[in-house]
Each structure stands twice: as structure tokens, then as C-alpha cells.
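Inside the fold
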Amino acid sequence: MAKVASRSWFEAAKEFHPVHCHYVVPENRQRIEAVFLLPPAQQTIANMLMPRNLLRVGASAWRQIESARRNGERIRVISGMRDPVARSISLIVFMADFHGHVSRPLSPHVEMSPEYIVGALQENWRSVLERDEPRQTFEWLLWYLTNGFRIWFTEELGAVFEVDVLEGECNARAGAQRVSASGAEILLYRVEDMLPSASGYAGLLAQASSFLETPVTAFPNINSSATRRSRALSEEVRRQFWLPDDMLDAIYAEPAVRHFYTRDETVAFKKRWRARLDRVE
């Protein structure tokens, strides 16, 4: 799933020459490609390099998985979950930085205001929760990627390896969840536990070292907003962003969220993103 610090894991496991991808299921890639082929009037992504690469690496990964299965090779998969609202902020700022919008102020070539991004992301969340697919490509891709928090583990990871990863127990104190699937071993982590200050940090390092069978002593800070020109913008959007209670209740009631996070953790998430009088209007 995109924007769950997957590049950090890619770097941590680089000695194994890992494959970094987000969508490998052919039907899902075809759905994305069909949107990219919409008429010009609906094309609102300014730079298609990375969106097309999303499909290219997915197709390559699918071929490698099929080859590994035919040859009886061992497949190891690492995948993570993140607070859905925090993840959505990373998504929209990343897309504005690297995809760009052809007309809206969501592009590195114009001055982007945190207030505008907050409004655009609130609009996106309404579409996600109402399952209302946008008709323009930038808006649709943001919608589709955001919606991954509730469907990615079943329609992508689960579909590839024929396993319900949400069926087992995710014990935060253990640092991660291990799942045996069809011809694969899967490690599931939570992004929040990758912070050195997190209570689950030591456990996650231990789980990563055991899973990869090599010492993992830290998680490299790769492809995060802290290392990009949009750092200040990202921080301000996080400070200002909020959603109404009914939307927060719907987001944090999703099965995938309840699988990875305790009730106390989801309460804390909702408190963070709830409207407050001291937020910038």
C-alpha cells in the first residue's frame, strides 16, 4: 500500500534485491490503466511519469511472483498499515509534488496553500466514504489510493497470496504480525512503530531481523516529507487538517483499521483529527 514508509523497508532489505510495488493484481492494474486512458478533458494529472511507473513496476512484480512460484522459490512479503488520515495527507502532498494538477493549485509550479490542500483532502474523504468515484484523473487516483486503507489487504495482498491477513491477531506488543500464505511468508507492520520513540519500535526491529534473517538496527528515513521541499507545507497541513466526527467514526470503524489498532489508539487518532476551536480557519 502506498505511503506506508515502504521505501524504508526496501532500503533495509536491499541486500536481497527486493521488488518495490503497490499494485500487482492484473484486474487492479487494468482498472487504473483504464482511468489513465480517459479523454483529454478528464486528464488532470500534469506529469504522468510516476503514475505510469506504478503500472510498469506492478506488471514486472506480477511476472516475478509467477516465476518464483513456478520455480518453487521462497517469497517474502513486507507490507504495512498507517493511520488512514495521516496517510492521506502524505498522499495528497506527494501527488501535488510529483504528479501535479493541470489547473488546481496542487502542483510544485504554483504556490500551494495548506488551507487549499485541507479543503481538497476533505473533499476527497467525502468521496471515499460515499464511494463516489471522481471523473477526473488526479482526483480519481487520490481517491483510489486513499481508499486503499480499507480494501488493499483483501483486494491486493490477499488476492495475490490467497490469504485473509486480517483474520489473525495483530499484537502491537509483538512488533509485527507474521502470516503464512500460499507460497509466501508475510510480515505486516504498523508505520507508527517505526519511530524510535514508539513503544513497539524494539519489537518491530526484532521481528524485521528475524523475518529477513539479517540484523535490522534502524529504519532509514527514505521518501518522507521530512526530506522533501514540501516539509513545511506537510507539517502545516497536518496541523490544520480536521474531519467531522461522523466521517472519523466511519474511517476508524473499518475492519482493517480495527485489526491493526486498539480501541485506545483509534480514539487517539480521532482526537487528533477532530475539529477544534484553536485550529486555523
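Just so we're clear, the structure is a prediction, and the values are computed from it rather than from any experiment.

1. Regarding unusual backbone geometry
Phi angles above zero are rare outside glycine, and Ala5 is one such case at about 60 degrees. Its relative accessible area of 25% is what places Ala5 among the partly exposed residues.

2. Digging into helix α7 (residues 201-212)
With 12 residues, α7 extends 16 Å from end C-alpha to end C-alpha; this agrees with the ideal 16 Å at 1.5 Å per step. Residues of α7 that are buried include every one of Tyr201, Leu204, Leu205, Gln207, Ala208, Phe211 and Leu212, and no others. Down the axis of α7, the buried side of the element spans an arc of 165 degrees, and every buried residue falls inside it. Structurally, α7 contributes buried residues whose contacts are with α1 (6-12), β1 (75-81), β2 (177-181) and β3 (184-190). Phi for Glu213, located one or two positions after α7, is positive at around 60 degrees.

3. Considerations on the nonpolar core
Within the largest apolar cluster, 87 residues are counted, with the highest numbers of intra-cluster contacts made by Trp125, Phe153 and Phe161. Not counting chain neighbours up to four residues away, the residues in contact with Phe161 comprise Ile65, Arg69, Ile75, Val77, Ala181, Ser182, Ala184 and Ile186.

4. Here's the deal with the pattern of salt bridges
By the definition in use, this model includes 12 salt bridges. Put simply, Arg31 and Glu133 hold a salt bridge, and the shortest N to O gap is 2.7 Å. Within this pair, whereas Arg31 is found in helix α2 (residues 26-36), its partner Glu133 is found in the loop between α5 (114-129) and α6 (137-161), the two being separated by 102 residues in sequence. For Arg31, a relative accessible area of 32% gives the class partly exposed. Taking the shortest distance from any N to any O, the salt bridge between Arg150 and Glu254 comes out at 3.4 Å. Here Arg150, found in helix α6, pairs with Glu254, found in the loop between α9 (245-252) and α10 (255-260); they are 104 residues apart in sequence, far enough to count as distant. Arg150 sits in the buried class, given a relative accessible area of 10%. Within this structure, Arg104, Glu123 and Glu139 form a network of salt bridges that share partners.

Conventions used here
Per chain, residue numbering runs from 1 following the sequence as it is written. In keeping with the model being predicted, local features are shown solely for residues with a pLDDT of at least 70 and side-chain atom pairs are shown and tallied solely at 80 or more, while totals for entire chains, interfaces and linings include all residues. Only hydrogens and water are set aside when side-chain values are computed; all heavy atoms of the structure are taken into account. Only protein chains enter the area calculation, which uses a 1.4 Å probe; residues under 20% of their type maximum are buried, those over 50% are exposed, and those in between are partly exposed. Working definition: helices are DSSP H or I runs of at least four residues, strands are E runs of at least two. Numbering for both runs from the N terminus. Multiply 1.5 Å by the residue count of a helix minus one, and that product is the helix's expected span. An arc is given here, and it is the one of the directions from the helix axis to the C-beta atoms. Any two residues whose heavy atoms approach within 4.5 Å are treated as being in contact. Nine residue types can take part in a nonpolar core, namely buried Ala, Val, Leu, Ile, Met, Phe, Trp, Tyr and Cys, and a core is a set of them joined through side-chain atoms within 4.5 Å. For salt bridges, the criterion is a side-chain nitrogen of Lys or Arg within 4 Å of an Asp or Glu carboxyl oxygen.

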